[in-house]
Amino acid sequence: MELELTRVDYTTVGLTASNCLQLLPVSLGGGGETVNRGGGASRQQQKVVIGDQDGVLQVISMKKDELQIHFKTLPHDKIASVKLGGQIGSVADKIFTASENKVRGFNKKGKMFLAFETNLTENIRSMFVSGSDLLVCGNHVYNHYRDCKEIGSYLCGDAIVDVAGLTPNNTSRLITILACSGRVLRILEHSRVRQTLELESVPTVLHVPKGLGDRFLCGFADGKVILFHNSLLSSEVKRETLVEDRENLSAVTTIGTYDLSGDGKDELIVGRRDGTLQVFTMNSDEYQFEMECTQIYRENFNESISSVQGGCVGANNYSEIVVCTYSGRVFGLTTQCISKSLSDTNKGGSAGATVPNSSSKLHKLRAEIYELEQEIIKERERYQLSTQALSTGLSAIPMLPVNDSLLLCQEDAIYMLTIELPTPIEHVLLQCDAPINLIDVEKNSAVVSFSECDKMSGNSLLASYRCQSNTNRVDLQFRTVEGQNGTLQVYITPNLQPKCCQLKRYPIKPLSLHMIVHNLEEEKLGTRQMNVLTLRGAFSLAEMHQWLILSIPEIPEKFYGTDRVRYVFRHVFLSTLLVCEYGKGEAEYKSDNISTISILKDFITKEATKKRIKLEIVTNINEQTIPALIELIEPKILHYNKLTKDFQILQALIDLDIRNDEEFSTLSQEYQDLLKNQHAIESEFKKQPTILNRIYGILTDLYIDKFKFKGVSVKTKLPQLIELLENYNREDLVTFYSVIKSTDEEI
């Protein structure tokens with residue numbers, strides 16, 4: 001079943017953050033019964049609540065196809081979140097907004113009844129309202145208020161992305177869910193961590209469906225949507241993946257649930273960073289596990305989606321999805337069929353009534369456009385006067401907000417950078433002093449050009465992306481090399497007058513392909529052979545923690561405890577481990593990859609030298625880690641060796657230009673299979689064309705680093721190593737790593 005939806009534009013507001021749009025419920029009489037869900041009940045038009053980053057909160061509705069503004073506040077501080085609340089058991093028609101560290105409450109008529117200043121030293125990033133409970137989060141601080149009195153707080157080492165509250169079995173208990181950037185969900189009760197759930201990707205948004213107190217949905221940066229069940233009877237939290245976006249890999253920015261079809265079962269609505277909106281059917285109204293989600297609608301609106309809500313806005317009895325984008329466009333996707341032609345006629349002769357009505361709308365629109373054009377002309381003239389030499393005015397270049405994200409994709413071990421502006425982008429310039437490889441992105445319409453880099457200047461990459469007209473977002477992918485650190489500088493030039501440019505900096509860390517592991521079993525860790533690096537010196541715990549922040553991604557800014565800190569990391573490509581345990585004056589690092597130990601030793605030594613801190617360095621290299629690492633990477637070597645050879649043979653077979661079945665049957669079965677799987681082989685090879693060079697580079701660095709600890713240079717042996725890798729045999733390779741003739745050594 002495909003869902004047919006028609007877009008209807010409502011209004012445009014300022015830039016918006018996530019969770020900035022809500023629909024006020026409709027109540028019947030004084031009973032407080034809401035008419036928001038299906039089952040045959042009539043749907044009444046609802047009012048839309050929008051808060052933007054200009055600090056303006058407004059409530060709008062549609063009446064006879066005309067926009068009605070019920071109230072609109074004056075510009076104030078940026079609104080980070082808009083939520084609806086009310087007493088438990090009543091209609092949630094109270095509007096709460098979060099700006100800086102303040103929470104304000106409005107009724108549906110626009111009267112402010114609450115102006116509460118929290119004691120957060122950070123700006124509020126996310127908020128949740130449940131009855132008299134208010135949950136607010138900054139970057140690292142979570143506070144719980146009840147009736148505007150603080151009853152608990154929690155300091156989180158990771159950045160908090162979103163917060164949600166659960167009330168299991170409609171009890172008075174409140175369980176808090178914190179989505180954190182360190183790829184974990186923290187479950188809190190009474191402001192204490194009850195459980196920590198490790199995740200495969202970074203969570204981006206939380207959503208609690210109405211009427212459910214023990215289940216919640218979570219969207220992720222890799223495009224997945226997962227259902228979690230937090231049972232009070234068991235400490236185990238069940239999870240099930242509802243949506244996987246393997247092709248797109250665009251982050252989920254907003255989630256909504258609503259009964260669009262009126263059959264009593266909610267549909268799942270997913271909005272993404274690349275502007276894609278999807279609707280899925282769920283075969284259960286109780287959000288049970290083992291559900292089948294089927295996509296019934298998909299459309300791309302070329303702009304990051306910040307909020308989605310299901311309801312009824314445009315016309316009575318017609319459900320729709322109300323969408324708000326990053327730049328502030330608010331529109332509806334309605335189930336009502338409104339694509340009638342002006343020349344259509346029907347039995348009742350209604351076409352004669354339709355034409356005058358449509359023509360009057362056209363006249364009104366033309367009048368509005370004319371007024372806007374006159375205002376633009378006046379503003380331009382005033383700006384020109386203010387920039388003249390004799391004028392006291394100043395010419396100010398606007399500082400445009402950049403909606404950007406940099407994420408590491410575990411499957412491909414590549415970084416994905418997304419840049420979005422509220423205005424069209426003219427071009428983007430990239431400069432990096434670390435060697436990185438840019439990868440083509442199919443959905444990227446920009447034209448890329450490279451410039452030659454002079455090694456003396458310190459540039460390893462100079463590239464420019466020229467964007468097509470009306471391009472607001474650019475998606476980039478690049479691959480890093482571990483051991484090479486630097487800074488990626490991105491110069492973004494919007495299509496504005498006067499010309500201006502904004503600079504964004506992204507650090508490339510030495511161990512850029514490592515991700516933190518939260519719940520690793522000690523038994524699994526104990527079975528691995530490890531190389532050990534021990535550092536002693538006059539450094540503090542905070543100094544060593546800062547050095548690790550500069551060298552490894554996902555290190556929390558805050559650390560717990562005062563004596564000793566321990567973290568475990570995993571290499572996303574090789575699956576090797578790194579254990580960091582450190583305190584004041586002493587640090588110990590263990591890894592089953594010699595190159596990881598070598599990179600960490602060189603970087604920390606360099607940082608300590610800058611602060612004139614003397615280090616006592618002790619290394620214990622375990623020879624058994626090399627065969628184990630080769631065994632880990634062997635499946636990749638065999639697979640990509642075969643893929644490369646298959647691709648080369650396939651190109652030769654294509655050149656043969658086989659045109660009929662008789663010629664095809666003369667080929668061997670192996671060559672026939674290659675031609676049958678042509679599309680799969682070409683697409684996989686195109687995705688990772690230099691993967692073998694990457695693997696060879698890793699094993700070459702391993703060989704160099706092993707003998708570097710012995711004070712031996714083995715660069716003359718590298719051609720022999722490459723030849724062994726091309727004709728791979730594990731025993732020969734392990735022997736080559738362990739034996740080196742004294743006559744070939746260069747001290």
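Counting of residues starts from 1 at the beginning of each chain's written sequence and follows it residue by residue. Reporting of local features is limited, given that this is a predicted model, to residues whose pLDDT is at least 70; pairs of side-chain atoms are given and counted only at 80 or more, and all residues count toward the totals for whole chains, interfaces and linings. Here the side-chain values reflect all heavy atoms present in the structure, with hydrogen atoms and water set aside.

A few points about the overall build of the protein
Our working rule: Every helix listed is a DSSP run of H or I at least four residues long, and every strand listed is a run of E at least two residues long, numbered separately from the N terminus. Each residue gets one of three labels from its accessible area relative to the maximum for its type: buried under 20%, exposed over 50%, partly exposed in between, using a 1.4 Å probe on protein chains only. Where accessible areas are quoted, they stem from the Shrake-Rupley method and a 1.4 Å probe; at the residue level, only the protein chains shown are allowed to cover.
Scanning the protein from N- to C-terminus turns up 11 helices and 45 strands. Burial analysis of the protein (747 residues in total) assigns 49% to the buried set. Here the protein displays about 37,700 Å² of accessible surface, and carbon together with sulfur accounts for 49% of that area.

Describing the sheet that holds strand β35 (residues 447-450)
Strand pairs in the sheet, formed through backbone hydrogen bonds, run parallel or antiparallel to each other. Which entries qualify depends on this criterion: By definition, two strands form a pair when at least two bridges between them are found by DSSP. Lines are fitted to the C-alpha atoms to define the axes, a helix being fitted only along its stretch in contact, and any angle between axes, read from their N-to-C directions, falls within 0 to 180 degrees.
If you walk across this open sheet you meet the five strands as β35-β36-β33-β38-β39, and the pairing is antiparallel. Of all the strands in the sheet, the pair left with one neighbour each is β35 and β39 (502-508). On average, adjacent strands in this sheet sit at an angle of 20° to one another, irrespective of strand direction. In the sheet, strand β33 (residues 425-432) pairs with strand β36 (residues 461-466) via six bridges, with the strands oriented antiparallel. Bridging across to β36, Val428 finds its partner in Tyr465.

Concerning the nonpolar core
The criterion, for reference: Nonpolar core, defined: a set of buried Ala, Val, Leu, Ile, Met, Phe, Trp, Tyr and Cys residues in which side-chain atoms within 4.5 Å join the residues together. Throughout, a residue-residue contact means that at least one pair of heavy atoms, one from each residue, lies within 4.5 Å.
Core analysis: the largest hydrophobic core is formed by 66 residues, its most contacted members being Leu430, Leu488, Val490 and Tyr737. Top element by residues in this core is helix α5 (residues 625-655). It accounts for 10 residues. What Leu430 contacts, discounting residues up to four positions off in sequence, is Leu438, Leu461, Leu462, Ala463, Tyr465, Leu476, Leu488, Gln489 and Val490. Within the second largest apolar cluster, 30 residues are counted, among which are Phe128, Ile160, Leu166 and Ile177.

Remarks on the state of the cysteines
We apply this condition: Throughout, disulfides are identified as pairs of cysteine sulfur atoms within 2.5 Å of each other.
For the structure shown, the criterion picks out zero disulfides. Of all cysteine sulfurs, the one in Cys501 lies closest to Cys500, which takes part in no disulfide; the gap is 7.7 Å.

Details of the confidence of the model for the protein
Stated formally: On a range of 0 to 100, pLDDT expresses the predictor's confidence in each residue.
In the predicted model, the protein carries a mean pLDDT of 84, and the fraction of residues at 70 or more is 88%. Taken together, the stretch residues 340-356 has pLDDT below 50 and engages in five contacts with residues farther than four places along the chain or on a different chain. Here residues 741-747 is modelled with pLDDT under 50, and outside its nearest four sequence neighbours on either side it reaches nine contacts, counting other chains as well.

Structural notes on the environment of Phe228
Within the fold, Phe228 resides in strand β22 (residues 225-230). Of the residues examined, Phe228 reaches a relative accessible area of 0% and is grouped as buried. Considering only alpha carbons, one finds Phe228 and Cys218, 10 residues apart in sequence, at a separation of 7.7 Å.

Considering the packing of helix α9 (residues 691-708) against helix α10 (residues 718-726)
Note the threshold: Each angle is binned into one of four classes, with values under 35 degrees roughly parallel, values over 145 roughly antiparallel, values of 65 to 115 roughly perpendicular, and all other values oblique. Here a crossing is taken to be left-handed if its near helix is turned anticlockwise relative to the far helix by less than a right angle, and right-handed if that turn runs clockwise. Note on residue classes: Ala, Val, Leu, Ile, Met, Phe, Trp, Tyr, Cys and Pro are nonpolar, Asp, Glu, Lys and Arg are charged, and everything else, Gly too, is polar.
Their axes nearest at 11 Å, the elements α9 and α10 cross at an angle of 135°. The angle between α9 and α10 places the two elements in the oblique class. The way α9 lies across α10 gives a crossing that is right-handed. Judged by residue contacts, Tyr696, Leu699, Thr700, Tyr703 and Ile704 of α9 engage Leu718, Leu721, Ile722, Leu725 and Glu726 from α10. When its residues are assigned to classes, the contact of α9 with α10 shows eight nonpolar, one polar and one charged.

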